[in-house]
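Descriptive analysis of the structure
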Amino acid sequence: MSAAFKASPCPTLQRRAEFLCVAAKGRKAPVHGLVLQALPRDDTGPARFGFTVTKKVGNAVVRNRTRRRLKEAARLLFAASPMIGVDLVLIGRDATRGRDFLDLQDDIRRAMRKVGVA
RNA sequence: CCAGACGGCCGGACGACCGCUGGCGGGGGCAACUCCGCUGGAGGAAAGUCCGGGCUCCACGGAAAUACGGUGCCGGCUAACGGCCGGCGAGGGUGACCUCAGGGAAAGUGCCACAGAAAAUAAACCGCCGGCGCGAUUUCGGUCUCGCAGGCAAGGGUGAAACGGUGCGGUAAGAGCGCACCGCGCCCCUGGCAACAGGGGCGGCAGGGUAAACCCCACCGGGAGCAAGACCGAAUAGGGGUGGCCGGCGAGGCGCGAAAGCGUUGACGCAGGGGCAUUUCCGCCCUGUCAUCCGGGUUGGUCGCGUCAGGCGCGCAGCGAUGCGCGUCGCAGAGGAAUGGUCGUCUCGUUGUCGUGCAAGCGAUGGCGGACAGAACCCGGCUUACAGGCCGUCUGGCAAG
RNA sequence: CGGAGCGUAGCGCAGCCUGGUAGCGCAUCAGUCUGGGGGACUGAGGGUCGUGGGUUCGAAUCCCGCCGCUCCGA
């Protein structure tokens, strides 16, 4: 883990308005294991993350597990290669829960290329 | 051994690597924060939000009544409850056991489709019975059709339900008309705190069902909810105070003066200026400026926020719910929301293959699966969901001793 | 956290309060009119009344427990 990342651990989007902003103005990339929304910012702060799982995916236990897998996959991925100046929203879907963990990480990498921020 | 009833309990285990978060200790930093170590970190339902409380704010002089809502056999337990325990009654089951339920239908009002004569002041469709009259017939005893005025409710038929039931007697036919038993009502006695049960006597039956129809009776309930509530409090806009400076006209106020008048005054009006995209008119809104202070208050932050109707063990009392005593333990605290991610070994269930065996089975190996479900202020219940498994008590059946 | 409402035929609704027959429109099917289509007319079929219990002689309707959906308020 890089010292820079550790010094300021991956911050999260907090408010509903920020999520809506990313959804409205950002770019969107659906892949098998998730949907990625990305919105570049005009600063050089570390990338901020938001995780969303809708009620359609399942009950609270299923949603929790889906979100935690996304979170962990993102953590491992961006600890290895940190990013700056972008807000990322990862949206869980049905397949997220059963997806092989390595495939899920690949999904995130592919989605990053698709939105053009990788 | 098989089938079943009831009660209680568990809710995969261990390890490795990488993380999140609370507390404590230590180091660094003015601080925010950060690093290291130790330690804690989801459930029996955390769920649904159906009840009862704690807590907080609001309202309120006390009490009662009305309205509304809820509850409803009896006794007990409990902080309280619509909960729990024990008992009573009714229904179901061969049984262990399960399910249901307040009283009042004579306080009153309403409803009971279709069918049926009649659905609640009772009434009489087919009928039954004797009497009278006309007629027919006759073996002269009667028998039958029709009509009239009566008696009856046993039988038929309808219905979920027909104004007690069954039997015997009785009668012209019948009828609680009489009797026996059952049911029902009233009174008394016995047992029980009581619900109620048992027994005796009397009554000759009056009072169909429905109150999870309106309702009557008894008891309970003030309202809202941790987004309660308390504190801190940025930027911007707006409110108010004080002071300095600038400022056209008028009204009014104040001061001086006998008056004219003069001075003063940002609380009024007008003018002037600005805004409502632009122009004209109309309309509406804002309006001197600078400094400083005050109060309210949004985003945000802090608290509320983890020591209690607490868990466990033992003893005592009680059939039990539960209570009392002693000992012991400290046991989640997030806030787009921690309690995890990945992997391995084992375990459990299921299934395939192979070996062995007459078989039950045993051994090896592989696949798949491991439920329901995530604290959001806390607690007591209820309800609902749940793979698989364990323990205990009891019932029925089969076999053996 | 608190509150309100809905679920009935393929679709949209009524019936529920006041319990006994489930009805309306569109759609579907058949027939007639027309050379055919469209259209009109006539007729027919189609409903576990979301689900499980209870009350009642009888429940879509009354009562209770669940399931799903929608909408408010803080």
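Since we're looking at a predicted model, the values are computed, not measured. (Residues numbered from 1 in each chain as written. Chains lettered and ligands numbered in written order. Predicted model: local features only at pLDDT ≥ 70, side-chain atom pairs only at ≥ 80, totals over all residues. Heavy atoms only, no water.)

We now examine the packing of aromatic side chains. Taken as a whole and assessed by the stated rule, the structure comprises one aromatic pair. Ring centres 5.1 Å apart and planes at 50° place the aromatic pair F49 and F78 in the tilted group. One end of the pair, F49, is in strand 3 (residues 48-53); the other, F78, is in helix 3 (residues 60-80), and 29 residues separate them in sequence. When sorted by exposure, F49 lands in the same class as F78, which is buried. (Phe/Tyr/Trp six-rings, centres within 6.5 Å; stacked < 30°, edge-to-face > 60°. Helix = DSSP H or I, 4+ residues; strand = E, 2+ residues; numbered from the N terminus. Buried < 20%, exposed > 50% of the residue type's maximum accessible area, 1.4 Å probe, protein only.)

With that settled, consider the sheet that holds strand 1 (residues 27-30). Overall, mixed pairing links the four strands, which are arranged 1-2-4-3 in an open sheet. One side of each edge strand has no neighbouring strand; the edge strands of this open sheet are strand 1 and strand 3. Between one strand axis and the next, the sheet turns through 20° on average, direction left out of account. The pairing of strand 2 (residues 34-40) with strand 4 (residues 86-92) spans seven bridges and is classified as antiparallel. Each residue of the ladder has a partner; that of P40, found in strand 4, is V86. Where helix 3 meets the sheet, it contacts strand 2, strand 3 and strand 4, and its direction lies at approximately 155° from that of strand 3. (Pairing = 2+ DSSP bridges. Axes fitted to C-alpha atoms, helices over the stretch in contact; angles between N-to-C directions. Contact = heavy atoms within 4.5 Å.)

Turning our eyes to something else, we now look at helix 5 (residues 101-115). End to end, helix 5 covers 22 Å across 15 residues, agreeing with the expected 21 Å (1.5 Å per residue, within 8%). Among the residues of helix 5, those classed as buried are L104, Q105, D107, I108, A111, M112 and V115. Projected onto a plane normal to the axis of helix 5, the buried residues spread over an arc of 150° and lie on a single side. Looking at helix 5, the residues exposed on the side facing more than 90 degrees away from the buried face are L102 and R113. In this structure, the buried residues of helix 5 make contact with strand 1, strand 2, helix 3, strand 4 and helix 4 (94-98). (Expected span 1.5 Å × (residues − 1). Arc of directions from axis to C-beta.)

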